[in-house]
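# Topology and contacts: notes
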Amino acid sequence: MKTNRMSLVLALLMVAGMVLAGCAQAPPATEAPPATYKIGFNSSATGTYATLGLPEAKTAEMIQEQINAAGGVVGPDGKKHEVEIIIYDDENEADKTVSNVTRLILEDEVIVVVSTTGSGTSIAEIPVCQENQTACISMASAKPVTSDSESGTEHKWMFKTPQTNGHAGAWQAAYLSAIGISKVCILHTDDGYGTDCLANFKAQAEAAGLEVVYEAGYAKTDTEFSAQMAGVEASGCEAVEIGSTPPVASLAAIAVRTAMPDMPITLGHGVCNQPFIDTAGAAAEGTVFPCGKVTVIDEVADDDPQKPVLEQYIADYTEFTDGESISTFGGHAWDAVMMAVEALSAVEDGASLEEQRAAVRDYLETKIVEWPGISGLFTFSASDHNGLGKDSLLFVKVVDGKGVAFPESEW
Amino acid sequence: MPRIPRSKLARIAAIIVLTVAITALVIGLGSRKNLQPKHYVQLILDGFRGGSIYALMALGYVTVYTVTGIINFAQGEFVMLGALISISVYNMPLPLPPAARLVVAVGSSILLTTLIGIIVERVAIYPARLSPTVTLIIITIGVTITLRASALLIWGADPYVLPAFSTLVLEDHIFRFGGVTLQAQSLWIWGTLAVVLVLLYVFLEHTITGKALRACAVNRRAAQLVGINPSRMSMLSFGLAAALGAIGGIVMGPVTRPIYDMGLMLGLRGFVAAILGGLVSAPGAVVGGLLLGVVENIAAGVTNPTYKSVVAFVIMIGILLLRPQGIIGRGETGGEQ
Amino acid sequence: MKNVRAHANTIGVITLSVVILVLGAIDLFRPGGLRFSDLTGRVVTTDTMIRIGILTIVVVGLNLLMGYAGQISLGQAGFYALGAYASAILTTLSTRHGILVGVADQWWWPWLAIVIGMGFTGGFAYLVGRPIFRLKGNYLAMATLGMGIIIYILAGQFPEITGGYDGLTGIPRLHIGTFKLWPMQRYYFLVWGAAIAVIVLALNIVNSRTGRAWRAVHSSEIAAGASGVDIERSKLRALVISAVFASLAGSLYAHFQSAVSPNPFSFRASVQLVVMAAVGGLASIWGAPFGVAFVFVVRDLLRSRLEDVLHVRGSGYELIVYGVILVLIMIFLPEGLTAGGAKLLRKRWRSAAAGDP
Amino acid sequence: MPAPLLEVIKLRKEFGGLMAVYDVDFAVESGEILAIIGPNGAGKTTVFNLISGMLPPTAGDIRFDGRLLNGLAPHAITGLGLARTFQNVQLFGKMTTLENVMVGCHSKTHYGLFAAALRLPSARAEEARVREQAMERLARVGLEEKADENALSLPFGQQRLLEVARALAAEPRLLLLDEPGSGLNRAEKEELEQLVRTIRDDGVTVLLVEHDMQFVMSIADRIIVLEYGQKIAEGTPVQIQSDTRVIAAYLGEG
């Protein structure tokens, strides 16, 4: 009983302590120079999607440095405004995603948000962006991130930069029907991205007249695939489509190659980076997948409008991270942040935060046309907040451990 | 002829009927997916491979539980540490041929992980040995979080790989017979399990410390009375569990891509295997591990592969409720110490 | 003697309510442009306070189950998930499946859904509890762990019902008539109102016949049985109450996040709930809000401070410190931070007092 | 002759081949103090555990006030008015002396969880009554000043008295005392004897197990002697003292 009373006193002390700690900080002095534009950035730099989220965060830091070096961005008032990119990490946890985005919008009062890596977590942030009327550019590819499944229309405030799994599915279906395959199996990860791959690959395959005879999922942390392999073999399919990101995508490819050495394997664009090939080793040989141009730069035609942007990004990123391998996910982040920075030019200095956010949203929806980015030529519109077509991806085949262009002519 | 009491007879009959029913169900489901016999063989073979890793971990759980009465949640992390340390040592620029480097890597990894296991026991487990079960479980969870976070900082979030032992290259030698594939590494895994069992048997049966450890397992207080120091035994049990975990991690290095957070699900599966074996007997742990690997794989093969971990946990709850002493053992129902 | 404790508890409830009201009012009316987060050095925002309130409800349930009745549960996030999914599924029935369209769009339907969720989760806990409570100690912990993980995995399947891995979105905000309990500043009062109500209920139960029966079962089941306590029913009652509280919290979470996916209900979540209960003090209802606050504040503080100090990718270091703190608390302050801390303080005051000439 | 309060018919308990209790019959008349004595290992405590429902009998019937107790859980048996104490004291550690006795009242209180959660007047009234009754039970065993102290901080003798108080709190008609005298000094034993007599005078029948002959002889109305799980004698203290088989059993010549 006595402990009870004592614990009350201690408890109240803790609350008071928390409160006083805050007041001790002096309120920020109002500064005279032109307002700083704030961009919110949130990715899964750690946790299960770290291999995707870390390069994204590093790209954001790189752009921050570049802008600081240039002294800021010229606003509509002709003056240079400093740009602050506030970076958070949500560890691929839906709770943290919502907390981070809420904090960015309400506490840090950013004008635009770039968030987040995973499909499931990006879907969780939709209500926060919509209700607080702030544009959120996601780096995840699942369809529900920008389109409302019931009404089929695009969420007003949601955009995304990666190519969709529909595009990836279209490429795989076109290739498989071209080489005379009729029965297909689909393997996928048991998460937001994997299930979206399954839905889109299946739709595109059936649209191209292929029959999906077997589907099977696995967990991101799985290392044993014999159950899936037994199903694939027994189903008699002639090719396997894999909808996963590394490292599990590589393990799945190895399992297929071990069980059925000459089974053709196609994958989604989620494997479009060196770690996939390194981890899969020999099993990657001969596999084909659509790929963002940034990881197969020397296969990109010189007259391609994206070429200069791609080469600049590769040079900057390699120098900034002293030689880390280029990843298509870093490219998605670059597109999102650079679009946001460009949209800042539409921000009136005196306007209220709400007006500034609306201006950025409208700029994104209307002014981003044939916009050369890393992931492709973006053309946003009221009915398409992804702005990319099938041609934003390049079909690639792994030859001697390297992704080589594999255009339709060579099929 | 000794008359078998009616209840025992009934139980044997029930078990027979149950197994026949299950096999019929499995064949039925399998045929819907037109699985050929060779697929079942493949499922069983791969089940044994996975099961051997579960068995090694189950041995770790049993060693710690019998001597200290603690369920060591961090057992899965010892597997991760074993795998990642061996890979780091192997990739060190030592002036040795690959084979020698692999041996050095394996040796140093087992030593280092055992050391970590002992440090964990000295720093976190022993000081709280008299605490209630809840506190001890939370402490082992705290250890798990710390080990996993340190691994994230040291090795980052990317997967690593250890070359296959027989080819010392990424691609392993694969045996194919009658549509069934068998990786050479699987043979290394089964071989290692056999060697570990023999060494463990020799250690437990024929060395003084081994006997002391077993005495502790049977009755801690009695062991104390005859002068066995429980503190040393507790330390030894954690060291041994860490070594067993490390060995499991090393041999599965080439087959799976070790990564900093592989410990959680593996640890849970190892525990289910230990429960299957009754959590008190070493042979029980090995049989439990192999059985879990096969049953889990076949169930996944005939139903939907994503239900693999559901199957493992359904088996665990089933065993806990119906036969807490496991299929083989005669342990108690895990009451408060 | 007894009414002194009841007296202390009523003061506690009043002071906590006043503190919550004041903090909420500051955030709602923003006197002089002051934002709630400025009060706490930008570490604790309204969003964090609401999450602390929601998890406090779950942890109070855990206190009853683990601290008083002495039954371990490593699957509490499973009940938390059932509540969240019950609310998510029932409130999106009309939009996703066109069922009960007339009814499902009424303002009172989500509230009914919350009650249905609590009923369902309570019933589920009863059915699960009957067989599971034949187990004790480590085995009980493992069985509850298995249950929690099975719920998590199944939540990821059946896209038609649970929305699969992307989960369900479009969960409406709560209304009372036409008064919308949103934005966050308003929802804050609903959540903390529920949290304080749950604390009051828990305190009453603990000081009642049922609470005594739990503590009796916890210290000696044989003696409790001999004293006329139905041990099985007593444990089941603790599990059902903790499940109902967790379900309420799950529903409040669903309407706060407006989207629900399996991700936040994994085994990691169950572990964190147990840690919050243990840090606050397993057998101290007052420990619940502080155990939860401690874990949230420490993780956020560590992440931001570590990033500034070591400007390194935060979460690795932060998790290590978090893990070590957890182990230290369990070794040196087993009854948790508030109760343990209070005991330490009292000892120091007593020794200081004794020390005077 | 009114029907006996407790009837034990052909009671048998087998532990894996060992016959701990073998065909024991006896009855307890209402209002008497019956003692069961016998050397260690004679099955005294096993009989207690069978009657109080701790152990399921292998064979035989136990009837209390005409009702069959076989298969009932301990708490149900206590609810019928048959309370017990333990050979090695089983108190509730983290609770005060008063709270220990209040738990004893559990079977006699009925306010539900709903009433408790909302502290409805009915709950508060019944709670007050329980507190009062418990204090009164404590006073009966002379421990009312120790009401607030932690149960385990009491000296051993008082812990035994506390357990009796807790058993009485269930308002039993039959009180089972399992070796109440063990560990008590001379003065404490006399005090206990007084207490048992007052309990009996309040209309509570007492069945006690004891191996201290001297204590049993002075307190018991009737005595039953067990050896190796079998009843070897029954009668008044005087008869038992002169029974050759009993003497042989105790002095070990048998």
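Residues numbered from 1 in each chain as written. Chains lettered and ligands numbered in written order. Predicted model: local features only at pLDDT ≥ 70, side-chain atom pairs only at ≥ 80, totals over all residues. Heavy atoms only, no water.

This part takes up the overall build of chain A. Counting its regular elements, chain A contains twelve helices and 16 strands. Computed over C-alpha atoms, the radius of gyration of chain A comes to 23 Å, within 12% of the 22 Å expected from 2.2 N^0.38 for 411 residues, which places it in the range of a compact globule. Overall, the C-alpha framework of chain A stretches about 70 × 70 × 45 Å when taken along its three principal axes. When each of the 411 residues of chain A is scored for burial, the buried share is 61%. The contacts in chain A between residues at least 6 apart in sequence include a share of 68% that link residues at least 24 apart. Accessible surface, chain A: about 14,000 Å² in total, of which carbon and sulfur atoms supply 55%. Of the charged side chains in chain A, 23 are positive and 58 negative; the average position of the first set lies 5 Å away from that of the second. (Helix = DSSP H or I, 4+ residues; strand = E, 2+ residues; numbered from the N terminus. Rg over C-alpha atoms; globule rule 2.2 N^0.38 Å. Buried < 20%, exposed > 50% of the residue type's maximum accessible area, 1.4 Å probe, protein only. Contact = heavy atoms within 4.5 Å. Areas by Shrake-Rupley, 256 points an atom, 1.4 Å probe, with all protein chains shown as cover. Lys, Arg positive; Asp, Glu negative; His and termini not counted. Charge placed at Lys NZ, Arg CZ, Asp CG, Glu CD.)

This brings us to the sheet that holds strand 1 (residues 6-15) of chain D. Read from one edge to the other, the open sheet built from four strands follows the order 2-1-4-5 (chain D), with strand pairing classed as antiparallel. Two strands lie at the open edges of the sheet, namely strand 2 (18-28) and strand 5 (67-68) of chain D, each paired on one side alone. (Pairing = 2+ DSSP bridges.)

Now for the domain arrangement of chain A. All names here are of chain A. Split into domains, chain A comes out as domain 1 (37-164 + 299-393) and domain 2 (167-293 + 394-410). The C-alpha-based centres of domain 1 and domain 2 are spaced at 28 Å. Listed by partner, the interface residues are 30 residues for domain 1 and 28 residues for domain 2. Between domain 1 and domain 2, the buried area comes to about 2,200 Å², and carbon and sulfur atoms account for 58% of it. Together, Glu299, Lys390 and Leu393 form the three largest contributors to the area buried by domain 1 at its contact with domain 2, with a combined 31%. Connecting domain 1 to domain 2 are one salt bridge. Lys293 is the salt-bridge partner of Asp304, the closest N and O atoms lying 2.9 Å from each other. Counting the contacts that link domain 1 with domain 2 gives nine residue pairs in polar contact (both at pLDDT 80 or more). Elements with a contribution of two residues or more to the side of domain 1 that touches domain 2: helix 2 (50-69), helix 4 (119-131) and helix 11 (328-343). (Domains from an automatic or database assignment. Buried area = accessible area lost by both parts, 1.4 Å probe. Salt bridge = Lys/Arg side-chain N within 4 Å of Asp/Glu carboxyl O. Polar contact = N/O pair within 3.5 Å; in protein donor to acceptor, adjacent residues only side chain to side chain.)

This part takes up the sheet that holds strand 6 (residues 136-138) of chain A. Residues and elements named next belong to chain A. Ordered by their spatial adjacency, five strands build an open sheet running 4-1-5-6-7, and the pairing between neighbours is parallel. The outermost strands of the open sheet, each flanked by one partner alone, are strand 4 (83-89) and strand 7 (158-160). When the angles between neighbouring strand axes are averaged without regard to direction, this sheet yields 20 degrees. Looking at chain direction, strand 1 (residues 37-43) and strand 5 (residues 112-115) are connected through four bridges and run parallel. (Axes fitted to C-alpha atoms, helices over the stretch in contact; angles between N-to-C directions.)

On to the pattern of salt bridges. Residue and element names in this part refer to chain D. Evaluation of the coordinates by the stated rule reveals 35 salt bridges over all chains. Measuring nitrogen to oxygen at the nearest pair gives 3.8 Å for the salt bridge that ties Arg129 to Glu126. One end of the pair is Arg129 and the other is Glu126, both in helix 5 (residues 121-140) and three residues apart, which spans about a single turn. For Arg129, a relative accessible area of 36% puts it in the partly exposed group. By sharing partners, the salt bridges in this structure join Glu32, Arg222, Lys231 and Glu234 into a single network.

Here we take up the confidence of the model for chain C. Summing up the model confidence of chain C, the mean pLDDT is 85 and the portion of residues at 70 or higher is 90%. Reported confidence for the predicted complex is 0.85 by ipTM and 0.87 by pTM. (pLDDT = per-residue confidence, 0-100.)

So, on to the packing of aromatic side chains. Residues and elements named next belong to chain A. Here the structure, examined in full by the defined rule, presents 27 aromatic pairs over all chains. On the numbers, 5.3 Å between centres and 70 degrees between planes, the contact of Phe395 with Trp411 is edge-to-face. Of this pair, Phe395 sits in strand 15 (residues 393-399) while Trp411 sits in the segment after strand 16 (402-405); the two residues are 16 residues apart in sequence, bridging distant segments of the chain. Under the relative-accessibility criterion, Phe395 is labelled buried at 2%. Accessibility expressed as a relative area gives 24% for Trp411, which makes it partly exposed. (Phe/Tyr/Trp six-rings, centres within 6.5 Å; stacked < 30°, edge-to-face > 60°.)

Moving on: the interface of chain C and chain D. Where interface size is given, it is often the accessible area lost as the parts come together that is meant. Each side of the interface is counted separately: chain C has 28 residues, and chain D has 31 residues. Summed over both sides, the interface of chain C with chain D buries roughly 2,700 Å², with 60% coming from carbon and sulfur. Looking only at chain C, the three residues that lose the most surface to chain D are C:Arg209, C:Arg212 and C:Ser227, adding up to 26% of its buried area. Here chain C and chain D share two salt bridges between them. Residue C:Arg215 pairs with D:Glu99 through a salt bridge whose shortest N-O separation is 3.2 Å. Going through the elements one at a time, helix 1 (2-29), helix 10 (184-206), helix 11 (209-219), helix 12 (221-226) and helix 13 (231-257) of chain C are the ones with two or more residues in the side of chain C that touches chain D. For the side of chain C that touches chain D, the leading source of residues is helix 11 of chain C, giving eight residues. Looking at side-chain class alone, the side of chain C that touches chain D contains eleven nonpolar, ten polar and seven charged residues. (Nonpolar A, V, L, I, M, F, W, Y, C, P; charged D, E, K, R; others polar.)

At a closest axis distance of 9 Å, the pairing of helix 12 (residues 308-322) of chain B and helix 8 (residues 137-155) of chain C adopts a crossing angle of 150 degrees. Relative to helix 8 of chain C, helix 12 of chain B is oriented roughly antiparallel. Of the two elements, helix 12 of chain B crosses helix 8 of chain C, and the hand of that crossing is left-handed. When helix 12 of chain B is examined against helix 8 of chain C, the residues B:Ser309, B:Val310, B:Phe313, B:Val314, B:Met316, B:Ile317 and B:Leu320 are found in contact with a partner set consisting of C:Tyr139, C:Met142, C:Ala143, C:Leu145, C:Gly146, C:Met147, C:Ile149, C:Ile150 and C:Ile153. For the contact of helix 12 of chain B with helix 8 of chain C, the residue count by class is 14 nonpolar, two polar and no charged. (Parallel < 35°, antiparallel > 145°, perpendicular 65-115°, else oblique. Left-handed = near helix turned anticlockwise from the far one by under 90°.)

Residue and element names in this part refer to chain D. At a minimum axis separation of 7 Å, helix 3 (residues 97-104) and helix 6 (residues 156-168) run at an interaxial angle of 35 degrees. Our pair here, helix 3 against helix 6, has a crossing hand that is right-handed. From helix 3, Thr97, Asn100, Val101 and Gly104 reach across to helix 6, where they touch Leu162, Ala165 and Arg166. In terms of residue class, the contact of helix 3 with helix 6 is built from three nonpolar, three polar and one charged.

Turning our attention to unusual backbone geometry. The residue after A:Pro246, namely A:Pro247, is reached through a cis peptide bond having omega 0 degrees. Even without being a glycine, A:Glu370 presents a positive backbone phi close to 50 degrees. Relative to the elements of secondary structure, A:Glu370 occurs in the loop between helix 12 (353-367) and strand 13 (371-372). Within the chain, D:Arg119 stands out as a residue other than glycine whose phi angle is a positive 45 degrees. By the element assignment, D:Arg119 lies in the loop between helix 4 (113-117) and helix 5.

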